[in-house]
Structures are given as C-alpha cells and as structure tokens.
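One letter stands for each residue in the lines below.
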Amino acid sequence: MNKKVLSALLAAAVVLSLCACGKKAETPASTESETPAPTTASQENTGRELSLTEVSFSVTTWSSPNGATVNLTAVPNEHAKGDSAEFVVRLDADTVASVPCEWKDNAYVASAELNGADGYGYYVIITGKDGSIAEIPVNTPEEPVDEALVNLASYLQSYCTLTLNDAALEGDDLTILSGYALVQAPRITENSDNVACAQASLVLTLDGQEIASVPLTMAPGETDRSYDSTITDMSFTIPGDLSDGQQLMLRLDAVLTNGQTLTAQGGSWTAQNGAVANAVG
C-alpha cells in the first residue's frame, strides 16, 4: 500500500471517531431539557388558604340563668363545593360541643347549647374538598373577642352583696358606720335588653319580720351593669324590750328593671341578757 492510500484511510478513521464522540455528548443534554418537572395533587392545591374574613356571635338566653344558646356566623375567605366546617366549643381541655355548620347566605352558621360556665373557647374547623384542615380560634380565653361568651356564667348571673365593715350598738340605735352594697345585673339578656338596678334598700328584720327599711342610692359600678353604694353612719332604731335569743338581721334587697328580685344578708345580732350581742358579718 502506498503512502497516499494509507494517509486517506487514517483521515477517514479520525472523522468517524469525532462524529461518534459528538453524538454521545449531545444525548444527555437533550433528555434533561425535555423531561417535565413532576406535578402532584398537593402542589396543585398549594396557595389555597382556609381562613375566615368575618365572625359574629349572638346569644339566646334560657328561661333559667344556667345556660344559653350561642349562635355563630362565620364568613370564609373562599368557599368551594365540597368544603365543610364545624363549630367546636371547648372548656379547659374538654370538647363540650361539636356542631356541623350549615352553608347559608355565603357563611357557615351553627348553634351550640352551653351550660353556664367560665373559660369557654370557640373554634371553627374548616375541611377543604381536598381533605386539608384548618382549625381557627375565633374567641378564646387567651385571645378573647367577646369576653361575655368566654365567661358565660358570670355574664348570665345577677346577684347582690352587702358588706358591713363596722357597726355600733348604742341604746336603741344600731348604726352602720361603714359598709358597701353591690348589685350586679345580668350582662347577657334575652333580646339584648339592658337590665339595670331599679331600686335597692337596706332592710332590718327581727326574727324574720321587717321592722325598718332605708332606701339606697345606687350609682354605676366598675363593671358593666353593676351598681354600688357606700354606706356611712346609717342608723336604725331597734326595740328596747328584746328577749334572749331574738335575732336582728340586716339585708340588702334589690329589684331589677326586668322584675327580678335579689337579696343578700349583711350581718346579724342576737339578744342576750337584755342586750344585743354584736355579730357583724
């Protein structure tokens, strides 16, 4: 074989080798660029937030002050067919009510019947059509929005108290030197009626029979719908012919604007050996 033929064959071999190397370098680049990123259902739902834009409550009182029905209206930021919600009420760590919500007028609505207690927490649990769940606190002891519903018993309750700090017995006179009267009207009422203290008085009784009464002027107190009065140097005339064992008692009587009557004992005294033993309570 002459030199020219040998040179031609070597040149052809080099060209084939270079072509083969070029094809191997191009294959991985082509495959990587054409393979799409994996897509899952969870990624498709990423970005959908289960939340509420507005929450409101109303209360229906029972005939007794031992409980009430709490009504919820909660508007979600969005609602899809297949979404659902639950109204949950907890007391301490216990779930005391779990009520499925109804979808009505573009809002979740539900009602829970609750006994009078303090420390309730209210939540809305939304379940999305894809199974995602969000628990949303809407009124809790840690972050109260409506304290009346958190402390339901206290806000349903009405009561009065009479505290006698000092009293003096001189002859036929019983004088209250220092004392304090308080009337608390209910702060949760039917139809949201503003119940107030209509009148109050101190009543002195002898063996349960009224012998004297003095009206009190009640002023608005420190808490909503509370009324109080400071008692200073208020005197009552007592009978001078008491028998041993007879008992005097001072109490506070109050009448609310809804007709409810409240009463509280403040102190008592007992006749002994022709005198009255001081037993202020």
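Here, the structure is the one placed above.
Fair warning: this is a prediction, and the values are worked out from it, not measured in the lab. (Residues numbered from 1 in each chain as written. Predicted model: local features only at pLDDT ≥ 70, side-chain atom pairs only at ≥ 80, totals over all residues. Heavy atoms only, no water.)

1. Looking at the overall build of the chain
So, point 1. A tally of helices and strands in the chain yields 4 helices and 17 strands.
So, point 2. The proportion of buried residues among the 281 residues of the chain is 36%.
So, point 3. In the chain, of all internal contacts separated by at least 6 residues, the share reaching a separation of at least 24 is 60%.
So, point 4. In the form shown here, the chain has an accessible surface area of approximately 16,500 Å², with 49% of it arising from carbon and sulfur atoms. (Helix = DSSP H or I, 4+ residues; strand = E, 2+ residues; numbered from the N terminus. Buried < 20%, exposed > 50% of the residue type's maximum accessible area, 1.4 Å probe, protein only. Contact = heavy atoms within 4.5 Å. Areas by Shrake-Rupley, 256 points an atom, 1.4 Å probe, with all protein chains shown as cover.)

2. Observations regarding the pairing of strand β3 (residues 84–91)
So, point 1. Pairing of β3 with strand β7 (residues 120–127) involves 8 bridges; the strand directions are antiparallel. Bridge pairing links S84 to T127 in β7.
So, point 2. The sheet contact formed by β3 and strand β4 (residues 94–100) spans 6 bridges and is antiparallel. Across the sheet, E86 pairs through a bridge with P100, a residue of β4.
So, point 3. Linking β3 back to β4 in an antiparallel pair, the connection comprises 2 residues, with D92 at a positive phi of about 60°. (Pairing = 2+ DSSP bridges.)

3. Notes on the sheet that holds strand β6 (residues 107–115)
So, point 1. One open sheet holds the 4 strands; their spatial order is β1-β2-β6-β5, and the pairing between them is antiparallel. Here the strands that pair on one side only, and so sit at the sheet edges, are β1 (52–61) and β5 (102–104). Sheet twist, expressed as the mean angle between neighbouring strand axes with direction ignored, is 30°.
So, point 2. Bridge count for strand β2 (residues 67–76) against β6 is 8 bridges, and the pairing is antiparallel. Within the sheet, the bridge partner assigned to G67 lies in β6 and is N115. (Axes fitted to C-alpha atoms, helices over the stretch in contact; angles between N-to-C directions.)

4. Focus: the environment of L52
So, point 1. Secondary-structure assignment places L52 in strand β1.
So, point 2. C-alpha of L52 to C-alpha of P76: the two residues are 24 residues apart in sequence and 4.0 Å apart in space.
So, point 3. Non-local contacts of L52, meaning those with residues more than four positions away in its chain, are made with A74, V75, P76, N77, V124, I126, I136 and V138.

5. Things to note about the nonpolar core
So, point 1. Judged by nonpolar contacts, the single largest core of 34 residues is most densely connected at V183, L202, L250 and L252.
So, point 2. Residue assignment for this core shows that the elements contributing at least two residues are β9 (159–170), β10 (173–184), β11 (197–206), β12 (209–216), β14 (226–237), β15 (247–256) and β16 (261–272).
So, point 3. Once you skip the residues sitting within four places of it in the chain, V183 turns out to touch Y159, C160, C197, M218, R225, S226, Y227, L252, A254, L256 and L262.
So, point 4. In this structure, L114, A117, V124 and A148 belong to the second largest nonpolar core, which totals 29 residues. (Core = buried A, V, L, I, M, F, W, Y, C linked by side-chain atoms within 4.5 Å.)

Shape descriptors only; they carry no functional weight alone.
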